[in-house]
Amino acid sequence: MSDGTITLAWLVVRQDDNGNRYRVGRYATRAEAQKIADSLDDRGHKLYWVERIAPNGTA
């Protein structure tokens with residue numbers, strides 16, 4: 001981006017046992033978001049994934 005801002009276009013999401021979804025964090029790259037999701041999976045939680053946030057701010 002030319003104005004010096006960073007777009008956090010990748011979201012890590014967790015779904016609990018009741019089907020509720022929670023945003024864990026937003027990241028600049030898919031690789032960074034996937035690394036976080038994978039590290040959380042390694043702790044025994046298998047309900048984390050990565051989504052791209054649309055330009056209008058929705059996942």
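Structure: above.
So, a few notes on the structure that sits alongside this text. Computed from a predicted model, the values in this text were never measured in an experiment. (Residues numbered from 1 in each chain as written. Predicted model: local features only at pLDDT ≥ 70, side-chain atom pairs only at ≥ 80, totals over all residues. Heavy atoms only, no water.)

1. Comments concerning the sheet that holds strand S3 (residues 48–52)
So, point 1. With respect to topology, three strands assemble into an open sheet ordered S2-S1-S3, the strand pairing being antiparallel. With one partner strand each, in any of the chains shown, strand S2 (21–27) and S3 form the two edges of the open sheet. Each strand of the sheet is rotated relative to its neighbour by a mean of 30 degrees, with strand direction disregarded.
So, point 2. Relative to S2, strand S1 (residues 10–15) is paired through six bridges, and the arrangement is antiparallel. When the sheet's bridge partners are listed, Val 12 is paired in S2 with Gly 25.
So, point 3. On the sheet, helix H1 (residues 30–42) packs against S1, S2 and S3 and is oriented at approximately 165 degrees with respect to S3. (Pairing = 2+ DSSP bridges. Helix = DSSP H or I, 4+ residues; strand = E, 2+ residues; numbered from the N terminus. Axes fitted to C-alpha atoms, helices over the stretch in contact; angles between N-to-C directions. Contact = heavy atoms within 4.5 Å.)

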